[in-house]
Protein chains: 6
Amino acid sequence: MDLHTPGLNRLLDSWLDEDLGRGDLTNIALQEITGSAYWVSREKGIFCGGNLVKRIFQRLDPSVQVNLLVKDGEYFDAEQQLLKIKGPAATLAAGERTALNLIMRLSGIATATNALVQELKGTGVHLADTRKTTPGLRILEKYAFRCGGGINHRFGLDDAAMLKENHIAWAGGIKTAFQAIRATAPWPSKIIIEVEDSDQAEEATRIGADGILLDAFPPEVLHNLVPKLRKLASIRTNQIVLEASGIDPINLKAYAKSGIDLISTSAPITRSSWIDLSMLFEKT
Amino acid sequence: MDLHTPGLNRLLDSWLDEDLGRGDLTNIALQEITGSAYWVSREKGIFCGGNLVKRIFQRLDPSVQVNLLVKDGEYFDAEQQLLKIKGPAATLAAGERTALNLIMRLSGIATATNALVQELKGTGVHLADTRKTTPGLRILEKYAFRCGGGINHRFGLDDAAMLKENHIAWAGGIKTAFQAIRATAPWPSKIIIEVEDSDQAEEATRIGADGILLDAFPPEVLHNLVPKLRKLASIRTNQIVLEASGIDPINLKAYAKSGIDLISTSAPITRSSWIDLSMLFEKT
Amino acid sequence: MDLHTPGLNRLLDSWLDEDLGRGDLTNIALQEITGSAYWVSREKGIFCGGNLVKRIFQRLDPSVQVNLLVKDGEYFDAEQQLLKIKGPAATLAAGERTALNLIMRLSGIATATNALVQELKGTGVHLADTRKTTPGLRILEKYAFRCGGGINHRFGLDDAAMLKENHIAWAGGIKTAFQAIRATAPWPSKIIIEVEDSDQAEEATRIGADGILLDAFPPEVLHNLVPKLRKLASIRTNQIVLEASGIDPINLKAYAKSGIDLISTSAPITRSSWIDLSMLFEKT
Amino acid sequence: MDLHTPGLNRLLDSWLDEDLGRGDLTNIALQEITGSAYWVSREKGIFCGGNLVKRIFQRLDPSVQVNLLVKDGEYFDAEQQLLKIKGPAATLAAGERTALNLIMRLSGIATATNALVQELKGTGVHLADTRKTTPGLRILEKYAFRCGGGINHRFGLDDAAMLKENHIAWAGGIKTAFQAIRATAPWPSKIIIEVEDSDQAEEATRIGADGILLDAFPPEVLHNLVPKLRKLASIRTNQIVLEASGIDPINLKAYAKSGIDLISTSAPITRSSWIDLSMLFEKT
Amino acid sequence: MDLHTPGLNRLLDSWLDEDLGRGDLTNIALQEITGSAYWVSREKGIFCGGNLVKRIFQRLDPSVQVNLLVKDGEYFDAEQQLLKIKGPAATLAAGERTALNLIMRLSGIATATNALVQELKGTGVHLADTRKTTPGLRILEKYAFRCGGGINHRFGLDDAAMLKENHIAWAGGIKTAFQAIRATAPWPSKIIIEVEDSDQAEEATRIGADGILLDAFPPEVLHNLVPKLRKLASIRTNQIVLEASGIDPINLKAYAKSGIDLISTSAPITRSSWIDLSMLFEKT
Amino acid sequence: MDLHTPGLNRLLDSWLDEDLGRGDLTNIALQEITGSAYWVSREKGIFCGGNLVKRIFQRLDPSVQVNLLVKDGEYFDAEQQLLKIKGPAATLAAGERTALNLIMRLSGIATATNALVQELKGTGVHLADTRKTTPGLRILEKYAFRCGGGINHRFGLDDAAMLKENHIAWAGGIKTAFQAIRATAPWPSKIIIEVEDSDQAEEATRIGADGILLDAFPPEVLHNLVPKLRKLASIRTNQIVLEASGIDPINLKAYAKSGIDLISTSAPITRSSWIDLSMLFEKT
């Protein structure tokens, strides 16, 4: 993750302000005290967000030191220490909840993603995320998905185009919509078409889509359709990406064998639990 | 929920910008077209966020009309229509994902909260939320908790003070910390003390805490402790609020019988799934 | 005062920008020069805002050093030095007016508050502020009120509810309004009711208000009413706070004897003068 | 006052957010109710800010109607109605305090300014403000000063340059500083020099200053100095503006006779009280 | 161009504030006057930005009417009227310069782009822009490039990756850098490699780059290299895009015959003049 | 240029965010690498913006070191090194384009300004800029104009008033408009009147304008008119500034002899090319 963007600092500040409001009322009880603490997990999982913890506390006070004991993407056990932190006690108290909430959420996503990625191991099929992300957290939740071993799909409506059912209905057909976009989109932007049946899939391939999102196709249908689409695509020598979505995670392996390139799923983001972490004071 | 704050508009704008980035690439295919659509749920649940849907689309274009078919806090069935929407097709496409993501998340929380609230029905014990909320969404997630039948705890570090384990350790004891805060906090601000054992609970009550957070006490311990604390509190004629936290939702009913006022839990926010909603075009 | 909130930095920046506009035209004459200066007061008073001076200059240039000679809440004499400052002369010139304006205003409030607080000494009655504060300065003006020895009332419409004459008229009565708010407000939020006569005061107490704002009651009326309200409140075992407002500061002592808990007044904020401070260069 | 700037809207929004915080807790009691109210003054004065009242309430809800009964700069009597307002009761409650606080402050300044301006009537000498204004309110407080009959001095460090004692000390003399600024400032920007004695005043005039700020000169000294300075200035054919500052308002008339052009004073801003206004509901 | 993004409104507001500062001083002379005006060009060109003119004036006052007489991308003659505008005279004066500056700049780019695009007519080679754009105006300048008949390259460092000379030097070779990016970039993101000689071009093609930027290659070298690269790419069945850059616009036609897909150039943005437009009042 | 304003930091941040978007995709390939680079110019010119380069990179990472080899306003040759930079390679890559784009633009303006200023050398006539500047870059483009040897005109609609053709038409004449503005503008603000013919010029002078903008007058007409206007102005003893605009740069010298004070032109801003600069890695 690129931590350079000034926009990230503004986002973290807005989250700190959300919790601090007009100021921490307990601040007065912690004046001039230096505190040490560590973070511990109550359950096992995959860690995500270490550098964000540093950044959050240092936005409040640059003197806070954070020592990461686990790297992003690494496995941790229940009761394992994840990081140590030292600084003004009032700062530790002020940033604690915001930092914990973020990392609990992100590590929850990394952990849930990893569980599915493990199932796909050795199949050559990638697990990709979607745009179903919590408002305001897209960059970070997608980073967590990557920490779990998945790959990212587009980040927004601007960095790739996807024609979905509504677009096709409103624009009056796949072809019209596709051509209008192809003529105006930046040349490196891919155009993906979401299809509901095999006929649409073939039409989309013939038109020259860069990717086909095969929504809610049974694995056995894909098994026959995929080679057909690849052959159609090869006529235009384009490198089509075939993606299955709308699947039940239980069928992951069946889909993995169907010849597709990607399985996209929002489950690790919309159906995962936060990892239960605590920040505990440490005697010094 | 008070929708007046200008801050809410800025928040919604930032979420729209997150998805739109440098602009929706499909926009060009939808010029001058008016679209109609409806929202449908794939599963049953409790609805939350209708007026936010209106606001989101109208931030993009004030001419969009949203007709709510279900009110916030109401039950809906699987496959039920939740709202109808009409406006420029390019606007519907631009706001769709942001609006859906938000309402899927909030309705998921309302639904999960309601499941627990149903269990407490008739006990007189309230279910309260915590500060474990997604960064940036606190006001809205707490509103969803209320739509599910729960009540809200404090919104931030500034509208009530809570002395937790770390505060007590760093400040050198409950009493010192409590008195420093009492002397400087606004008079309407309550001070709550989180305690780990019965002795601490009694000390906190004697000092004059407005609320005691009894963390991870077994129900049978509470059964004896609660009357003792109420008696202690009555000497000072203060109206103490006794709250149990750190409990497994499975034991809800046992806790409800222990005499406490509140059970606080983050589970409907940290362990719930999003409700699966879709926006489908409508022929006009 | 909790100086952690990122929002405070944004506020200070906006004030610096207000004075600097497109840049200080005298900046060119002060290039590469280091300056020393001290602040002196032209009149006696109570100081407020030392750490804000540091923060303001350091937002412009972190190398500026500020040495505080008087603490917040301390008395200073006419012609006394309050602080010393050293740094790039262009920075001292750029931040001077913004910093002085703020501290002159805040010290004026602290001084005016303290004059009233002195009168209440030994009575056990507290002086509280109101929401009549300069737009944009609420947190800081309320901090100044505290530096003068007063206590703070609620900070905004969200951290306690107050039913005033208009609410009661529009909502159709005290009871309806009170119950609607009690059902939705966070549990730690107090509800205060402003009343115009004794009957309203009794109704408000019976309903269970956490505080009663007795507006413009003569002290002799309060003398009889206060014990009656306390007795009513004790039936519900709630700890009612009785507050007198709308009083002429001349009558402070008479009110202090009436048995109330608080006197709230906006006078130190709406009717005080700024303390006259200057920043003078120092030969080095 | 030019109400066009988008910056003004952002400022008003920030003030509304300051009072609303996470939302007005009484909002729930005022749903779907339309309210009417009027503003009345408890004392006489000069009105300032009518269009700001409109703008504030309409930022919350464009349907609010405000009917101004007194114009900016007009006199009003005690108990006079100033404006009528109608709209959703929840909006009236949400914006009331912010709007009142602002107008009470601004009308206080206009009233205090006017008292001094009346004393100068017929003398041809203008009363000008200074940069001693409340952080964040400069444009509005200076507008209030104008509503009271005064004229405005520069708005910031960028729209005219003023060399003050500190600048001269740090830059190593009036001449060096003046020439560096004259060479880089935009040609329409005036350069004003603050002087402490007659020698400095003459030097500043000879150098070609556009204005001389004569700080704390006794009126009788000015009586002799002013014609001398005008004569010196006429050699260069520049139109010098002579301004007295640091004066006790009691001596206004003596100063007015000394031949100066302007008297600048911060008193109406730093030493005025807010006008006491109320917003009262109206039966409909 | 997608005008939906809230970010665009913030950008336009910031530009209006830049010119308005603390408010238009001439505003007072235009109170309550309605004005009509038209825009006329002093030279011929290609128009760009009509809807932005509407948006700019309507940010100041929604009642302003703008009637566009020329569409974006259309040719206009010297002395031709481009649009008519009607509204409060003070608003027309307040927004005039900001709107004109923007459209003069954008139409200058569209016109300069179009001159080059005309030369490529019939060759099948596209003219693409670069990231050399004025800070703050990227989306709009790239839109202008499109209005002139060009196509857009990537919009930022995030929507496609380009390995340039510095990256390759620092990362220690093309291959290492390419693989690290391929493993973490979203799957729809293309990776382009900028090369300095034929060997690098072949290496980049073999590695699987989606595009090769051939910087400063003479046309005759490209003539031989292009088929070789296409052949190499076809082995991997990827659809490589070959782009020439760093060329003198004089040689456009020679490059167009070399078999490449795109010529990218910053000249219409970095070396074009603004179109000279005026806004003239109209008698009504 | 005064680099103190917090607003400048926000502007630079917004420009970095424009290029970085959701983060530099090549960032991953440059982790933990320190890079060194230098800037070189492909053509000769006048440098502008050295301290902005420092600031831009240090907003991303304060550890970046920038060593300026040429000062603002100095001449540089083709192929000359302008500055050296060292820091984390990922930061150098992240800030490169934004920094280069800005300095290429500003140095282009400084260079073009200087060419005209050289022609005026020895004439005593100054070259001034206008408000035709790129939206968002006014302060910086005007600084570049100054680096090229020109002087600045007003920065916005608020720091001097200019009555132009539209104002005069809408307000119903020069006199009405002038008097309304004179009565409300801050006293240090100059009022300039743009005139189309000699009669208007005389009227504007008689009224007391501080400056007259003589738009598109032939030099021979000015030759006679200028002494006449100066004589008229001397009656009021005001120091009038006579400015010629709307001139073809070819006639600069003829205008310089006409007796005017200033020639104002937008050409160095609206008709200049960017200087071609590159940032090249350096072996360490």
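Residues numbered from 1 in each chain as written. Chains lettered and ligands numbered in written order. Predicted model: local features only at pLDDT ≥ 70, side-chain atom pairs only at ≥ 80, totals over all residues. Heavy atoms only, no water.

J.: Hey, could you run me through the interface of chain C and chain D in this one?
T.: Buried accessible area, meaning the area lost when the parts come together, often serves as the stated size of an interface. Taken together, the 69 residues of chain C in the interface contact 69 residues of chain D. Of the roughly 5,700 Å² buried where chain C meets chain D, counting both sides, 61% is carbon and sulfur surface. The three residues of chain C that bury the most area against chain D are Leu25, Leu157 and Trp170 of chain C, which together make up 15% of that side's buried surface. For Asp19 of chain C, the salt bridge is made with Arg131 of chain D, and the minimal N-O distance between the two is 2.7 Å. At the boundary of chain C and chain D, one finds 34 residue pairs in polar contact (both at pLDDT 80 or more). Looking at the side of chain C that touches chain D element by element, the count peaks at 11 residues for helix H3 (residues 89–120) of chain C. Split by residue class, the side of chain C that touches chain D holds 35 nonpolar, 18 polar and 16 charged. (Contact = heavy atoms within 4.5 Å. Buried area = accessible area lost by both parts, 1.4 Å probe. Salt bridge = Lys/Arg side-chain N within 4 Å of Asp/Glu carboxyl O. Polar contact = N/O pair within 3.5 Å; in protein donor to acceptor, adjacent residues only side chain to side chain. Helix = DSSP H or I, 4+ residues; strand = E, 2+ residues; numbered from the N terminus. Nonpolar A, V, L, I, M, F, W, Y, C, P; charged D, E, K, R; others polar.)

J.: Looking at this model, I keep getting lost on the pairing of strand E12 (residues 277–281) of chain F. Mind explaining?
T.: For a regular strand, side chains alternate in direction, first toward one face of the sheet and then toward the other. Residue and element names in this part refer to chain F. E12 sits mainly inside the fold: 4 of its 5 residues count as buried. Bridging between strand E1 (residues 34–41) and E12 involves 5 bridges; their strand directions are antiparallel. When the sheet's bridge partners are listed, Val40 is paired in E12 with Ser278. (Buried < 20%, exposed > 50% of the residue type's maximum accessible area, 1.4 Å probe, protein only. Pairing = 2+ DSSP bridges.)

J.: How do you make sense of the relation of the copies chain B and chain E when you look at a structure like this?
T.: Two copies of one chain are present, and they are related through a rotation about an axis combined with an axial shift. Superposing chain B onto chain E requires a rotation of 120° together with a translation of 0.0 Å along the rotation axis, leaving an RMSD of 0.0 Å. Expressed as a symmetry operation, the mapping of one chain copy onto the other fits a three-fold axis. By C-alpha distance to the rotation axis, the residue of chain B lying nearest is Arg10 of chain B, at 6.1 Å. (Least-squares fit on C-alpha atoms with pLDDT ≥ 70 in both.)

J.: Whenever I open this one, the sheet that holds strand E9 (residues 211–215) of chain D confuses me. Can you help?
T.: Two modes of strand pairing occur in sheets, parallel and antiparallel, and in both the strands are linked by backbone hydrogen bonds. All names here are of chain D. If you walk across this open sheet you meet the 6 strands as E6-E11-E10-E9-E8-E7, and the pairing is parallel. Either end of the sheet is taken by a strand with one partner, and the two such strands are strand E6 (126–128) and strand E7 (161–163). Each adjacent strand pair in this sheet contributes to an overall mean axis angle of 25°, direction not counted. Across 5 bridges, E9 lies against strand E10 (residues 241–245) in parallel orientation. The partner of Gly211 across the bridge, within E10, is Val241. Its contacts with the sheet put helix H7 (residues 198–207) on strand E8 (191–195) and E9, and the angle it makes with E8 is roughly 165°. (Axes fitted to C-alpha atoms, helices over the stretch in contact; angles between N-to-C directions.)

J.: It is not clear to me how the domain arrangement of chain A should be interpreted in this structure. Could you clarify?
T.: Residues and elements named next belong to chain A. Considered domain by domain, chain A is made up of domain 1 (6–118 + 273–281) and domain 2 (120–270). One C-alpha centre belongs to domain 1, the other to domain 2; they are set 35 Å apart. In this complex, domain 1 contributes 20 residues to the contact, which on the side of domain 2 involves 20 residues. The interface formed by domain 1 and domain 2 holds 1 salt bridge in total. Across the pair Arg105 and Glu141 runs a salt bridge whose closest N-O atoms are separated by 2.9 Å. Here domain 1 and domain 2 share 10 residue pairs in polar contact (both at pLDDT 80 or more) between them. When contributions to the side of domain 1 that touches domain 2 are tallied by element, the ones reaching two or more residues are helix H1 (6–20) and helix H3 (89–120). The residue inventory of the side of domain 1 that touches domain 2, partitioned by class, reads 14 nonpolar, 4 polar and 2 charged. (Domains from an automatic or database assignment.)

J.: In this structure, what is going on with the pattern of salt bridges? I would like to understand it.
T.: Close approach of charged atoms allows side chains of opposite charge to pair. For the structure shown, the criterion picks out 90 salt bridges over all chains. With a closest N to O distance of 2.9 Å, Asp13 of chain A and Arg59 of chain A form a salt bridge. Placement of the pair is Asp13 of chain A in helix H1 and Arg59 of chain A in helix H2 (residues 50–60), with a sequence separation of 46 residues. In this structure, Lys228 of chain C engages Glu202 of chain C in a salt bridge whose closest nitrogen and oxygen atoms are separated by 3.2 Å. Taken together, the positions of Lys228 of chain C in helix H8 (residues 219–235) and Glu202 of chain C in helix H7 (residues 198–207) put the pair 26 residues apart, joining distant regions of the chain. On the basis of relative accessible area, Glu202 of chain C is assigned to the buried category, the value being 13%. Each of Asp19 of chain A together with Arg131 and Arg138 of chain B takes part in one network of salt bridges that share partners.

J.: In this structure, what is going on with the sheet that holds strand E5 (residues 81–88) of chain C? I would like to understand it.
T.: Residues and elements named next belong to chain C. A sheet is described by the order of its strands in space; here 4 strands give the open sequence E3-E5-E1-E12, paired in antiparallel fashion. Strands with a single pairing partner mark the edges of an open sheet, and in this sheet they are strand E3 (65–68) and strand E12 (277–281). With direction set aside, neighbouring strand axes in the sheet form an average angle of 20°. Packing of helix H2 (residues 50–60) onto the sheet brings it into contact with strand E1 (34–41), E3, E5 and E12, and relative to E3 it is tilted by some 175°. Of the strands in this sheet, E1, E5 and E12 touch H3, which is tilted by about 150° from E5.

J.: For this particular structure, what's the right way to read the environment of Arg131 of chain B?
T.: Here Arg131 of chain B lies in the loop between strand E6 (126–128) and helix H4 (138–147). Under the relative-accessibility criterion, Arg131 of chain B is labelled buried at 9%. Along the primary structure Arg131 of chain B and Gly156 of chain B are separated by 25 residues, whereas in three dimensions their C-alpha atoms are 7.1 Å apart. Contact partners of Arg131 of chain B, with chain neighbours within four places excluded, come to Asp19, Arg97 and Asn101 of chain A together with Arg138, Arg154, Gly156 and Leu157 of chain B.

J.: When you look at the interface of chain B and chain E in this model, what are you seeing that I'm missing?
T.: Of the residues lining the interface, 13 residues belong to chain B; the matching set on chain E comes to 12 residues. Between chain B and chain E, a total of about 980 Å² is buried, with carbon and sulfur atoms accounting for 55% of that surface. By the criterion of area lost to chain E, the three top residues of chain B are Asp17, Arg22 and Asn27 of chain B, representing 57% of everything that side buries. Summed over the shared surface of chain B and chain E, the result is 2 salt bridges. One salt bridge connects Arg10 of chain E with Asp17 of chain B, and the closest N-O pair in it is separated by 2.9 Å. Elements that contribute at least two residues to the side of chain B that touches chain E include exactly helix H1 (6–20) and helix H3 (89–120) of chain B. Looking at which element gives the most residues to the side of chain B that touches chain E, the answer is H1 of chain B, with 4 residues. For the side of chain B that touches chain E, the class distribution of residues is 5 nonpolar, 4 polar and 4 charged.

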